[in-house]
Amino acid sequence: MSQQPLTLPPQTGGTAGSIEESARQIVIVGANGSGKSRFTAKMILDCGPKAFPLSVLTALFEKSSGPTGNPAIDTRYDEAVANGMPCNPETSQLDRLLTMLLNDEMRNLLSFKLRSRSHPGITLAPTRLDTVIDLWEQIFPGSRVLVESGRLLFARDSDREEDRGYSTSRLSTGEKAVLYYLAAMSYAPKRSIVFIDSPELFLHPTVLSSLFNHMESMRTDCRFVYTTHDLDFASSRSASSAIWVRSFDPSSTTWQYEILPPDTILSDEIYRTIIGSRKPVLFIEGDSRRSIDSKLYPLIFPDFTIQALGSCNKVIEATRTFNDLNSFHHMDSQGIVDRDRRDSHEVEYLRKKRIMVPEVAEVENLLLIEEVVRTVATACGKDENHVADKVKRTIIKEFRNDLTQQALLHTRHRVKRIVECRIDGRFASIDRLERHLADLPREINPRGLYNSLCKEFQRYVSTNDYASILRVYNQKSMLPGCNVAGLCGLRDKDDYLYTILRLLRTDPRSAGRIRNAVLQCFNYTNNRPYPENEQNDI
């Protein structure tokens, strides 16, 4: 017999949604303060006796002789006490569950002993305690559970044979959490709706998914509703229906929420990462810990949730995918990629797709913008004119020495892009493709392109056009090579970067100079990086 559709709490300005009866896993996600907990509490209230709420925080740490917050467990406990089970009023919900398991085990053994006298061939069916012990040992390989003198003892295969094991009081909080969930599920009434608050709490990621997979297999008759902040865990519930709680209106006790389409949000790494935020999203290159991008951009764009994705292709694809679904989630998304060796047409195309491209070749060059160099020099007590002039002269000299190689690299990039665009067409036959490509070398004219770039780059040098050089010069050694750190009295390039980040965090005057300089490099004004009437020709 299938479950009935699950009616959800009332929506703001609309009717209550529902989850179809075939959905056994339901995941509730949302930002802090969006009303997830109230939403779940309303669902529990509406489900009545079918609800089986589990909260590991309450179960492990609250000791009370009153209700535990789970009526089904309280009822079973009270019945067991009425039938002679010893009662300890100062116990937690976990303690009550373990007492019930051991009491049921004893009663099962006594019943089996009495029945076996008249039916010698009968066998003892697996008990609740057997199931809990079996699953515990699967989740924690190399661990064993012993039952001795009415107690549960725990041991590891590596322990000495003479060791008798240790009690639950010596288990880690995570181990106690696993024991609580397994014991509680063994007492869930048939066809319950199991509500699990913060399943990720106290559990290592390697245990988290395994535990709830076992629980769902253990009770295939039940439905599971998870309220979680862990979006990786949410995505692991592959067959789930997901509910995004966006806001709560206390005056009407209604919620704004969305029932997410399958394979739209939680199957996408991008959404798993940022769905809990209410800020617009800014996708950037680099990794989330070591790259300059991830250190600098959160301080330049504080009104965005910054998400580092690694490569520029991932940034472009994530921004496109997210904005394609804007009518669904109503969240703004932009991206940032290095300019590298892109020409003005590539840059214009990306900017139309809400990908910001700076007026410098790569993120390191942002640290060498003249105003940034001047700001750091002044903050370090140096003459900003002297430092800026020395840095500019050194970089212009390095670029002059590297000019032909840089022109060759730019030529190679542009030729590659032209070839990719020409080949990426539809052709009815190989003959059509051959004719299409026959004039490609002449059309590309790599030598002519190279000579044109050399002439353009030489003009930058002859006119001391420092800004244009930063726009086209890709050279990782430029930052240490220009000695900007030494000129500012700093140890090295890492110390120079640290000083910029420190000024952005702690010195409002310097932060304003640095931030404005970088934002100007992005043509960024009033949250609209590229006004519609801007041609973006570079």
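Rules of the game
- Residues numbered from 1 in each chain as written.
- Predicted model: local features only at pLDDT ≥ 70, side-chain atom pairs only at ≥ 80, totals over all residues.
- Heavy atoms only, no water.
- Pairing = 2+ DSSP bridges.
- Helix = DSSP H or I, 4+ residues; strand = E, 2+ residues; numbered from the N terminus.
- Contact = heavy atoms within 4.5 Å.
- Axes fitted to C-alpha atoms, helices over the stretch in contact; angles between N-to-C directions.
- Core = buried A, V, L, I, M, F, W, Y, C linked by side-chain atoms within 4.5 Å.
- Buried < 20%, exposed > 50% of the residue type's maximum accessible area, 1.4 Å probe, protein only.
- Polar contact = N/O pair within 3.5 Å; in protein donor to acceptor, adjacent residues only side chain to side chain.
- Patch = residues over 30% accessible without salt bridge, like charges linked within 9 Å, V, L, I, M, F, W, Y side chains within 5 Å.
- Areas by Shrake-Rupley, 256 points an atom, 1.4 Å probe, with all protein chains shown as cover.
- Salt bridge = Lys/Arg side-chain N within 4 Å of Asp/Glu carboxyl O.
- 1 Å grid on protein atoms, 1.4 Å probe; cavity = no way out; pocket = protein on both sides within 12 Å on 5 of 7 lines; lining within 4 Å.
- Points joined across faces, edges and corners; volume = space filled by probe spheres on them.
- Nonpolar A, V, L, I, M, F, W, Y, C, P; charged D, E, K, R; others polar.

(A) Region of the structure containing the sheet that holds strand β11 (residues 281-284). In space, the 4 strands of this open sheet follow the order β12-β11-β13-β14, with parallel pairing throughout. What marks the edges here is a single partner per strand, and that holds for β12 (305-308) and β14 (355-356). Those strands touched by helix α10 (residues 292-300) are β11, β12 and β13 (333-336), and its axis lies near 155 degrees from that of β11. Along the sheet, helix α11 (residues 312-324) makes contact with β11, β13 and β14, crossing β13 at roughly 170 degrees.

(B) Examining the environment of Arg-151 more closely. Within the secondary structure layout, Arg-151 lies in strand β6 (residues 151-156). C-alpha of Arg-151 to C-alpha of Leu-98: the two residues are 53 residues apart in sequence and 9.0 Å apart in space. Not counting residues up to four positions away in its chain, the partners in contact with Arg-151 are Leu-102 and Leu-146.

(C) Layout of the nonpolar core. In terms of nonpolar packing, the biggest core is built from 62 residues, with Leu-296, Phe-301, Leu-366, Leu-368, Val-391 and Tyr-496 touching the most fellow members. In this structure Leu-366 touches Leu-296, Tyr-297, Pro-358, Val-360, Val-372, Val-518, Cys-521 and Phe-522, once residues within four positions along its chain are discounted. Judged by nonpolar contacts, the second largest core, of 54 residues, contains Val-27, Val-29, Ala-184 and Tyr-187.

(D) Structural view of the sheet that holds strand β7 (residues 193-197). The strand order across the open sheet formed by 6 strands is β4-β7-β8-β3-β9-β10, and the pairing between neighbours is mixed. Taken across any chain shown, the strands that pair with only one partner, and hence form the sheet edges, are β4 (51-55) and β10 (254-260). Put simply, the sheet's adjacent strands are angled 20 degrees from each other on average, direction ignored. With 5 bridges joining them, β4 and β7 adopt parallel strand pairing. Counterpart to Ser-55 in the pairing with β7 is Asp-197. Those strands touched by helix α7 (residues 205-218) are β3 (25-30), β7 and β8 (223-227), and its axis lies near 155 degrees from that of β8.

(E) Representation of the side chain of Thr-227. Here Thr-227 lies in strand β8. Every residue in contact with Thr-227, bar those within four places of it in the chain, is listed here: Ile-28, Lys-36, Thr-40, Ile-196, Asp-197, Ser-198 and Pro-199.

(F) Geometry of helix α13 (residues 344-352). Within α13, the full set of buried residues consists of Ser-344, Glu-346, Val-347, Glu-348, Leu-350 and Arg-351. In the core, the buried residues of α13 are packed alongside α11, β14 and α17 (403-423). The N-capping residue of α13, defined by a side-chain oxygen 3.1 Å from the backbone nitrogen of His-345, is Asp-343. Directly after α13, the chain includes Arg-354, whose backbone phi takes a positive value near 65 degrees.

(G) Fine view of the pairing of strand β9 (residues 241-249). As judged from the 5 bridges shared by β3 and β9, these two strands associate in the parallel manner. Looking at β9, one finds that Gly-30 is bridged to Val-245. Here 7 bridges tie β9 to β10, and the two strands are oriented antiparallel to one another. From the neighbouring strand, Phe-248 faces β10, where its bridge partner is Trp-255. Connecting β9 to the next strand, β10, in antiparallel fashion are 4 residues, including Thr-253 with a positive phi near 50 degrees.

(H) Looking closely at the pairing of β11. The alternating pattern of β11 places Val-281 and Phe-283 and Leu-282 and Ile-284 on opposite faces, both of which are buried. The sheet contact formed by β11 and β12 spans 4 bridges and is parallel. Within β12, the residue paired with Ile-284 across the bridge is Ala-308. In the sheet, β11 pairs with β13 via 3 bridges, with the strands oriented parallel.

(I) Structural context of a nonpolar patch on the surface. On the surface, Leu-57, Phe-61 and Phe-202 cluster together into a nonpolar patch covering about 290 Å² of accessible area. By secondary structure assignment, the location of Phe-202 is in the loop between β7 and α7. Judged by its relative accessible area of 34%, Phe-202 falls in the partly exposed class.

(J) View of the layout of surface pockets. Counted as a void, the largest pocket has a volume near 500 Å³. As for the largest pocket, its lining consists of 15 residues, and the residues nearest its centre are Asn-313, Arg-342, Glu-346, His-413 and Arg-417. Of all the secondary-structure elements, those providing two or more residues to the lining of the largest pocket are α11, α13 and α17. A per-element tally of the lining of the largest pocket places α17 first, with 6 residues. Here the residues of the lining of the largest pocket sort into 5 nonpolar, 2 polar and 8 charged.

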